[in-house]
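Coordinate analysis (summary)
Given next are the chains, with one letter for each unit.
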Amino acid sequence: MARSLDGLVLAPVTDQAPGQVGTRTRFTYHERQGEIWAEYTGGDVVRGHLVGTREGDRLDFRYVQLKRDGTTSSGHCVSTVVELPDGRVRLEETWEWESQRGDGTSVVEQVTAHED
């Protein structure tokens, strides 16, 4: 199992569709006894939260976010935790909106101090 996500900051590798999470978004993860949660902000997202569970290297969580235009949206995501050769963590995600139409895949990776 890859190491704990607790205290790690992750960012998307590429931008998603306009008005969604993008490379300027930062996720701050927390983990305790199989529970995961995170706060995120940046780009078009003013404030976002996710909460869910971790079993081995699989995360299963729901997310909700407030965008700069004042709209909110929510969805479900399943991610696989991968440890990169340089020791950083990557999440390979499959997500689906629940408050609107749309689904997809994305990758977020741990941000090092000089990248933030």
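Residues numbered from 1 in each chain as written. Predicted model: local features only at pLDDT ≥ 70, side-chain atom pairs only at ≥ 80, totals over all residues. Heavy atoms only, no water.

- As recorded in an unreviewed UniProt entry, the protein goes by N-acetylglutamate synthase and comes from Streptomyces luteogriseus.

1. Quick notes on the packing of aromatic side chains
- Here the structure, examined in full by the defined rule, presents 4 aromatic pairs.
- Ring plane angle 25 degrees and centroid distance 4.5 Å describe the contact between phenylalanine 27 and tyrosine 40, whose orientation is recorded as stacked. Separated by 13 residues along the polypeptide, phenylalanine 27 in strand β2 (residues 26-32) and tyrosine 40 in strand β3 (residues 35-42) bring together distant segments of the chain.
- For phenylalanine 27, a relative accessible area of 8% translates into the label buried.
- An aromatic cluster is defined as three or more aromatic residues linked by ring pairs; in this entry it consists of Phe27, Tyr29 and Tyr40. (Phe/Tyr/Trp six-rings, centres within 6.5 Å; stacked < 30°, edge-to-face > 60°. Helix = DSSP H or I, 4+ residues; strand = E, 2+ residues; numbered from the N terminus. Buried < 20%, exposed > 50% of the residue type's maximum accessible area, 1.4 Å probe, protein only.)

2. Digging into the pattern of salt bridges
- In this structure the tally under the stated criterion is 9 salt bridges.
- A salt bridge links glutamate 109 to arginine 88, with the nearest nitrogen and oxygen atoms 3.4 Å apart. Taken as a pair, glutamate 109 in strand β8 (residues 103-110) and arginine 88 in the loop between β6 (72-83) and β7 (89-97) lie far apart in primary sequence, 21 residues in all.
- Overall, arginine 88 belongs to the buried group, its relative accessible area being 17%.
- In this structure, glutamate 92 engages arginine 90 in a salt bridge whose closest nitrogen and oxygen atoms are separated by 3.9 Å.
- Overall, the relative accessible area of 36% leaves glutamate 92 in the partly exposed class.
- A relative accessible area of 24% places arginine 90 in the partly exposed class.
- Bridged by salt links that share partners, the residues Asp86, Arg88, Arg90, Glu92 and Glu109 form one connected network. (Salt bridge = Lys/Arg side-chain N within 4 Å of Asp/Glu carboxyl O.)

3. Details of the side chain of serine 79
- Turning to its location among the elements, serine 79 is positioned in strand β6.
- Those residues within four positions of serine 79 in sequence are excluded, and the remaining contacts are Asp57, Arg58, Leu59, Phe61, Leu91, Glu92 and Glu93. (Contact = heavy atoms within 4.5 Å.)

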